[in-house]
Amino acid sequence: LNIWSRQIAAGRPLTVTHPDMTRYFMTIPEAASLVLQAATLQTKPGGTVFLLDMGQPVQILELARRFARQHGLQPVEHTGIGSGSSAIGVGQIEIVFTGPRPGEKLNENLAFDAELMIPTKHPDISLWRLSEPQEGHINNVLVQLSKEHRPRDPGTLGGLLRDLVPEMVKPITI
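Each chain carries its own residue numbering, running from 1 in the direction its sequence is written. The model is predicted, so local features are restricted to residues of pLDDT at least 70 and side-chain atom pairs to those at 80 or more, both for listing and for counting; the totals for chains, interfaces and linings are taken over all residues. Side-chain numbers here rest on the full set of heavy atoms in the structure, without hydrogens or water.

**Student:** Go over the packing of aromatic side chains with me, naming the residues and quoting the values.
**Tutor:** The rule is short: rings of Phe, Tyr and Trp, with Trp giving its six-membered ring, pair when the centres are within 6.5 Å, and they are stacked under 30 degrees, edge-to-face over 60, tilted in between. Summed over the entire model, instances satisfying the criterion amount to one aromatic pair. A centroid spacing of 5.6 Å and a plane angle of 50° characterise the contact between Trp-4 and Phe-67, whose relative ring orientation is tilted. Taken together, the residues span a long stretch of sequence, with Trp-4 in helix H1 (residues 2-9) and Phe-67 in helix H3 (residues 60-70) at a distance of 63 residues. In this pair, the class of Trp-4 matches that of Phe-67, namely buried. Helix and strand assignments come from DSSP, with helices taken as H or I runs of at least 4 residues and strands as E runs of at least 2, each series counted from the N terminus. A simple rule labels every residue: compare its accessible area, found with a 1.4 Å probe on the protein chains alone, to the largest value its type can have, and call it buried under 20%, exposed over 50%, or partly exposed in between.

See the structure below:
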């Protein structure tokens, strides 16, 4: 929001990465409260990971539209920086799409299909776990990646990393 405030103050367009970009948001008090409550949950010792219910993802474009309207401006959308600035009227502000940066996702995933979310006694806190076969597979790959077993071939090393993170689809350059 600070960036958009500076853009409005400078009379520049509001920039949004992509029209379909979404993110999860939570207020600091909400997050702090859930973290404190998660700390009170009884779990097995060692390496517990909790997933907090973040609600529904928010479309960044809709946030930009609301932000413009709250500043008394009517948003006008374009597909690239400067692509029609001359058509912007009084009381309007251009929203331009800058495109995602390399590696940036359009949507965040709080959990993947391969992960188990186990309910806790708190409705907004889940316990994150891998199934035993997945945990065994990951441990096996981690052993293969350890210093004493690590392959020297970049292709093999990249394959092991992709094995560890199945969502990684682009080749790894080492």
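Read on, since the account is not over.
**Student:** Quick rundown of the packing of H1 against H3? Include the residues and the values.
**Tutor:** In the contact formed by H1 and H3, the axes pass within 11 Å of each other and the chain directions differ by 45°. In terms of orientation, H1 and H3 fall into the oblique class. By crossing handedness, the relation of H1 to H3 is classed as right-handed. Side by side, H1 and H3 meet where Trp-4, Ser-5 and Ile-8 of the first sit next to Ile-60, Leu-63, Ala-64 and Phe-67 of the second. Three classes are used: nonpolar for Ala, Val, Leu, Ile, Met, Phe, Trp, Tyr, Cys and Pro, charged for Asp, Glu, Lys and Arg, and polar for all others, with Gly counted as polar. For the contact of H1 with H3, the residue count by class is six nonpolar, one polar and no charged. Axis definition: a line fitted to C-alpha atoms, over the contacting stretch in the case of helices. Angles run 0 to 180 degrees between N-to-C directions. The scheme is simple: roughly parallel for angles under 35 degrees, roughly antiparallel for over 145, roughly perpendicular for 65 to 115, oblique for anything else. By definition, turning the near helix anticlockwise from the far helix through less than a right angle yields a left-handed crossing, and turning it clockwise yields a right-handed one. Only heavy atoms matter for contacts: two residues are in contact if any of them lie within 4.5 Å across the pair.

Just geometry here; none of it tells us what the structure is for.
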